[in-house]
Structures are given as structure tokens and as C-alpha cells.
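Chain residues, written in single-letter form:
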Amino acid sequence: GSCTTEFKVRFRNHKSHMRLGKKTCKLASHFVNLPHSLQDFNFVIIEQLRTCENIDINLVNREAYWTSQLRTLNPHGLNKRQEYKSTNRIKYNK
């Protein structure tokens, strides 16, 4: 079972913003500012949490871990450190 389906929403929003030329986040800005098309965009699921217990804490911890391991923080990648610490994060334990 899955705790969330929010990835579908986030992915759809990213694609829409890229198509419309909106610079709402680093990813969309990157695609708008440099000559890219949606065919240049792909993703790989690298981990799936098997339990919904403590989902918010676990998601933040795993995102921080993978951001560090894959060196996706600016200037090496498009992520900003504040993204996984943001108070605007989607909360799954409501």
C-alpha cells in the first residue's frame, strides 16, 4: 500500500510549469532558461518507504540522505538545502 500519491501531483505540476515557461522552482527555471524539451526530463525512483509509520520524519530523513549521497544540492545539482527543511513541505500525517 501507499501512503501518498503526491508524487503524481508534483510531477504533473513540474511538467506543466516547464511547458508554460513558469519559473516556479529550480527545475522549471532550469528547463525554461536552457534549451530543453520534456524529452530531456526523466526520473528514477531510488527508494520506496515500506511503512506509513512516522512518514513525515522518515521522508525528510531519506530525502536529506539521498540529497547528500547524490550531491543534488546547488551548485552540483538543482536542489537547495532549504527544500527538505521547508515549512511549506506537504504534511502526510494530518
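Bear in mind the structure is a predicted one, so any value in this text is a computation, not a measurement.

Definitions and cut-offs
Residues numbered from 1 in each chain as written. Predicted model: local features only at pLDDT ≥ 70, side-chain atom pairs only at ≥ 80, totals over all residues. Heavy atoms only, no water. Helix = DSSP H or I, 4+ residues; strand = E, 2+ residues; numbered from the N terminus. Phe/Tyr/Trp six-rings, centres within 6.5 Å; stacked < 30°, edge-to-face > 60°. Salt bridge = Lys/Arg side-chain N within 4 Å of Asp/Glu carboxyl O. Buried < 20%, exposed > 50% of the residue type's maximum accessible area, 1.4 Å probe, protein only. pLDDT = per-residue confidence, 0-100. Contact = heavy atoms within 4.5 Å. Patch = residues over 30% accessible without salt bridge, like charges linked within 9 Å, V, L, I, M, F, W, Y side chains within 5 Å. Areas by Shrake-Rupley, 256 points an atom, 1.4 Å probe, with all protein chains shown as cover. Polar contact = N/O pair within 3.5 Å; in protein donor to acceptor, adjacent residues only side chain to side chain. Axes fitted to C-alpha atoms, helices over the stretch in contact; angles between N-to-C directions. Parallel < 35°, antiparallel > 145°, perpendicular 65-115°, else oblique. Left-handed = near helix turned anticlockwise from the far one by under 90°. Nonpolar A, V, L, I, M, F, W, Y, C, P; charged D, E, K, R; others polar.

**Examining the overall build of the chain**
For the chain, the count of helices and strands is three helices and zero strands. Secondary structure of the chain in N-to-C order comes out as α-α-α.

**Side note on the packing of aromatic side chains**
Evaluation of the coordinates by the stated rule reveals four aromatic pairs. Through a chain of ring-to-ring contacts, three or more aromatic side chains come together here, namely Phe11, Phe31, Phe41 and Phe43.

**Regarding the pattern of salt bridges**
Under the defined criterion, the tally for this structure stands at one salt bridge. As a salt-bridge pair, Arg62 and Glu47 come within 3.0 Å of each other at their nearest N and O atoms. Taken together, the positions of Arg62 in helix H3 (residues 55-69) and Glu47 in the loop between helix H2 (26-33) and H3 put the pair 15 residues apart, joining distant regions of the chain. For Arg62, a relative accessible area of 28% gives the class partly exposed.

**So, the confidence of the model for the chain**
Here the chain averages 79 in pLDDT, and 80% of its residues register 70 or above. Of all helices and strands in the chain, the one with the weakest mean pLDDT is helix H1 (residues 6-20) (83), whereas H3 scores best (86).

**Description of unusual backbone geometry**
Its identity as a non-glycine residue notwithstanding, Asn54 has a phi of 55 degrees, on the positive side. In this structure, Asn54 sits in the loop between H2 and H3. Phi is positive for Arg71, close to 50 degrees, though the residue is something other than glycine. By the element assignment, Arg71 lies in the segment after H3.

**Notes on H2**
Of the positions making up H2, those classed as buried are Leu27, Ala28, Ser29 and Phe31. Check the buried side of H2 and you find it contacts H1.

**Comments concerning a nonpolar patch on the surface**
Taken together, the side chains of Phe7, Phe43 and Ile45 present a nonpolar region at the surface, about 330 Å² in accessible area. Tracing the sequence through the fold places Phe7 in helix H1.

**Some details on the side chain of Thr67**
Within the secondary structure, Thr67 is located in helix H3. In this structure the side chain of Thr67 is engaged in a polar contact, spanning 2.7 Å, whose partner is the backbone oxygen of Glu63.

**Comments concerning the packing of H1 against H2**
Orientation of H1 relative to H2, taken along the N-to-C sense of each, is 30 degrees, at an axis distance of 9 Å. By the angle between their directions, the pair H1 and H2 is classed as roughly parallel. Where H1 crosses over H2, the two elements pack in a sense that is right-handed. Residue-level inspection shows His14, His17 and Met18 of H1 in contact with H2, the latter providing Leu27, Ala28, Phe31 and Val32. Of the residues contributing to the contact of H1 with H2, the split by class is five nonpolar, two polar and no charged.

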